[in-house]
Structures are given as C-alpha cells and as structure tokens.
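Observations on the model geometry
Spelled out, the chains give:
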Amino acid sequence: MNGRLIIISAPSGAGKSTLVNFLMDRPELDLEFSVSATTREPRGSEKNGSHYHFITVREFRKRIRRGDFIEWEEVYRNQYYGTPREEIERIFRKGKNVLFDVDVKGGINLKNIFGNKSLSVFIRPPSVEELEKRLTGRGTDSPEKIKMRLEKALEEMKLAGLFDYTVVNDILEQAQKEIYTIIKNFIERQDE
Ligand code: ADP
Ligand code: 5GP
C-alpha cells in the first residue's frame with residue numbers, strides 16, 4: 001500500500017488544510033506530506049521544513065533554473081510555490097504515499113504528469129459567501145489579500161471538472177468521511 005500520489009487542490013479558504021490535517025492523522029493511509037518551497041512569509045505557527053521550505057525569490061528562481069521543481073506556480077503576485085522533485089523521491093524511499101497540497105493549476109499539472117498512478121481531488125466551498133466568511137474568520141490574511149484570494153477562487157472553481165473527484169466542504173464531518181473513502185478506495189484499488 002505505497003507509492004501512490006494523492007493530489008488535493010482547492011480555492012484558498014475552502015478547508016483544504018483542515019481536511020489534509022485530518023487525512024495525515026489516519027496512519028492506515030500511509031500518507032506523507034510533500035513539503036513545497038514558497039517565497040511567502042510564514043503564517044501563524046508554520047515551521048520551516050515541515051509546512052513549507054520558506055525561501056527568497058532569488059533562491060526560488062535559482063531552483064527553477066536548476067530544474068529542481070516538478071511543477072511551480074506564481075500563485076499570487078510575487079508569491080511563488082513549487083513542488084521539489086526530491087520530495088517525491090524522499091517519500092517513496094520511505095515506502096509511503098505522497099500527499100500534495102497544491103493550487104488548482106498545480107493539481108492539474110501533477111495529474112497530467114502522473115496519470116493513473118495519481119488521484120486528484122478538488123475541494124469546493126459550499127458558496128463564495130461562505131468562502132469569504134472562512135477567510136475572514138481564519139484571521140490570517142489582510143482584507144486586500146482576502147480579495148485577491150476570492151478573485152482567484154472564482155476562476156479556480158471553473159476548473160473543478162478536470163479533477164477525478166470533487167468534495168464539497170460544507171459540513172466538515174461529512175466532507176472528512178467522503179474524502180477519506182475516496183482515498184482509501186483508490187489506494188486499495190491500486191493494491192489489487
Ligand atoms: P485552506 O487550507 O483551504 O486555505 P483552511 O483549512 O485554513 O483552508 O480553512 C479556512 C477556515 O475555514 C479555517 O478557519 C477553518 O477552521 C474553517 N473551516 C474549514 N472547514 C470548515 C467547515 N466545513 N465549516 C466551517 N468552517 C470550516
Ligand atoms: P497558502 O499560502 O495558503 O499556504 O497557499 C496558497 C496556495 O498555494 C494553496 O492553494 C496551496 O495549495 C498552493 N501551493 C502550495 N504549495 C504549492 C506547490 O508546490 N505548487 C503549487 N502549484 N501550489 C502550491
């Protein structure tokens with residue numbers, strides 16, 4: 001039960017981190033988080049090396065040139081995010097399944113690269129109004145940043161159809177159950 005790739009994407013604020021944390025707490029799924037590199041500042045209790053590798057724009061550009069990333073995006077203006085190739089190798093060496101938490105374009109790119117060896121799940125908020133409430137309630141982003149994230153969310157929701165599955169995160173417990181079942185089935189199916 002290892003060597004699989006699980007891709008999770010969602011508009012910011014839809015509850016992706018909440019659901020990812022829930023999945024990471026399920027040892028039977030054998031998941032390990034792929035730690036991306038980013039140029040944004042750490043937020044709240046985020047730790048360098050476990051949530052992200054926090055690096056400068058200059059360093060990020062150097063890594064792009066070296067071909068270190070399997071995919072990367074300028075997710076917001078001047079905020080770069082990228083998946084290091086080395087993460088996948090590191091996790092496979094440990095005999096685990098990789099869990100990617102990436103933006104919607106990144107999710108589509110990874111699915112195109114890995115095809116049937118990967119499962120892509122899009123997490124949707126019940127509405128844009130609720131998304132705004134959650135982003136405001138989280139209290140980690142300025143009103144300007146929230147506006148930027150909401151505008152991007154509208155574009156991203158149009159791409160949900162390119163994912164293998166969509167989970168609506170309305171009632172949290174229900175969404176947790178749904179995403180768990182989708183991933184468990186995928187891993188078991190691949191084992192047959
Ligand atoms: P993302 O990682 O997609 O940006 P988060 O997981 O940080 O989103 O969730 C955004 C906010 O919404 C957080 O404050 C989180 O506690 C809250 N939240 C997540 N899921 C739900 C839900 N089903 N109902 C209400 N609030 C939620
Ligand atoms: P945040 O700043 O909220 O942590 O992340 C913003 C967005 O960037 C989220 O949608 C997150 O999934 C995405 N992201 C994080 N790491 C990567 C990555 O390596 N590649 C891509 N394409 N997106 C990423």
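The present account deals with the structure reproduced in this document. (Residues numbered from 1 in each chain as written. Chains lettered and ligands numbered in written order. Predicted model: local features only at pLDDT ≥ 70, side-chain atom pairs only at ≥ 80, totals over all residues. Heavy atoms only, no water.)

This part takes up the site of ligand 2. In the vicinity of ligand 2 lie 18 residues, with Lys16, Arg40, Tyr52, Tyr81 and Asp101 positioned nearest. Ser36 is positioned such that a nitrogen or oxygen atom in its side chain is 2.7 Å from an oxygen atom of ligand 2. Contact between ligand 2 and Thr83: an oxygen atom at 3.1 Å from a side-chain N or O atom of the residue. Contact with the protein chains covers 95% of the free accessible surface of ligand 2, which is 510 Å². (Near = heavy atom within 4 Å. Polar contact = N/O pair within 3.5 Å; in protein donor to acceptor, adjacent residues only side chain to side chain. Areas by Shrake-Rupley, 256 points an atom, 1.4 Å probe, with all protein chains shown as cover.)

Close to ligand 1 lie 13 residues; Gly13, Lys16, Ser17, Thr18 and Asn169 are nearest. Here a nitrogen atom of ligand 1 sits 3.3 Å away from a polar atom, N or O, in the side chain of Arg134. Between ligand 1 and Asp170 there is a distance of 2.9 Å, counted from a nitrogen atom to a backbone nitrogen or oxygen. Look at ligand 1: alone it shows 570 Å² of surface, and the protein chains cover 74% of it. With respect to the pocket detection grid, ligand 1 is positioned in the largest pocket. Mapped onto the shell around ligand 1, the elements with two or more residues apiece are helix H1 (16-24) and helix H5 (128-138). (1 Å grid on protein atoms, 1.4 Å probe; cavity = no way out; pocket = protein on both sides within 12 Å on 5 of 7 lines; lining within 4 Å. Sits in = over half its atoms within 2 Å of the grid points. Helix = DSSP H or I, 4+ residues; strand = E, 2+ residues; numbered from the N terminus.)

On to helix H3 (residues 85-93). Residue pairs three or four apart in sequence face the same way in an α-helix, which turns once every 3.6 residues. Residues of H3 that are buried include every one of Glu87, Ile88 and Ile91, and no others. Projected onto a plane normal to the axis of H3, the buried residues spread over an arc of 95° and lie on a single side. Just downstream of H3 lies Gly95, where phi reads positive at about 75°. (Buried < 20%, exposed > 50% of the residue type's maximum accessible area, 1.4 Å probe, protein only. Arc of directions from axis to C-beta.)

Attention now moves to the layout of surface pockets. Size it by volume and the largest pocket reaches roughly 1,000 Å³. Taken together, 40 residues line the largest pocket, and the ones lying closest to its centre are Lys16, Ser17, Arg43, Tyr52 and Asp101. At the level of elements, H1, strand S5 (69-76), strand S6 (79-84), H5 and helix H6 (143-157) are the ones that each hand at least two residues to the lining of the largest pocket. If you tally residues by element for the lining of the largest pocket, the top one is H1, at 6 residues. Residue classes in the lining of the largest pocket are distributed as 12 nonpolar, 15 polar and 13 charged. (Points joined across faces, edges and corners; volume = space filled by probe spheres on them. Nonpolar A, V, L, I, M, F, W, Y, C, P; charged D, E, K, R; others polar.)

What follows deals with the sheet that holds strand S7 (residues 97-101). Taken in spatial order, the 5 strands line up as S2-S7-S1-S8-S9 in an open sheet, and their pairing is parallel. Across the chains shown, the open sheet's two edge strands, defined by having one partner strand only, are strand S2 (31-33) and strand S9 (165-168). Adjacent strand axes in the sheet meet at a mean angle of 25° when their direction is disregarded. Pairing between strand S1 (residues 5-9) and S7: 4 bridges, direction parallel. Directly across from Ile8, in S7, lies its bridge partner Asp101. Helix H4 (residues 104-114) rests against S1, S7 and strand S8 (118-124) of the sheet, and its axis sits at about 160° to S1. (Pairing = 2+ DSSP bridges. Axes fitted to C-alpha atoms, helices over the stretch in contact; angles between N-to-C directions. Contact = heavy atoms within 4.5 Å.)

A general trend in soluble globular proteins is that nonpolar side chains are found buried together. Residues Ile8, Leu23, Ile179 and Ile183 are the most contacted members of the largest nonpolar core, which totals 27 residues. Taken together, the elements giving at least two residues each to this core come down to S1, H1, S8, H5, H6 and helix H7 (172-191). Per-element tally for this core: the top contributor is H7, with 7 residues. Once you skip the residues sitting within four places of it in the chain, Ile179 turns out to touch Ile8, Leu19, Leu23, Val121, Ile123 and Val167. By size, the runner-up hydrophobic cluster in this structure holds 10 residues, among which are Leu5, Ile7, Ile91 and Phe114. (Core = buried A, V, L, I, M, F, W, Y, C linked by side-chain atoms within 4.5 Å.)

On their own, these measurements won't tell you what the molecule is for.
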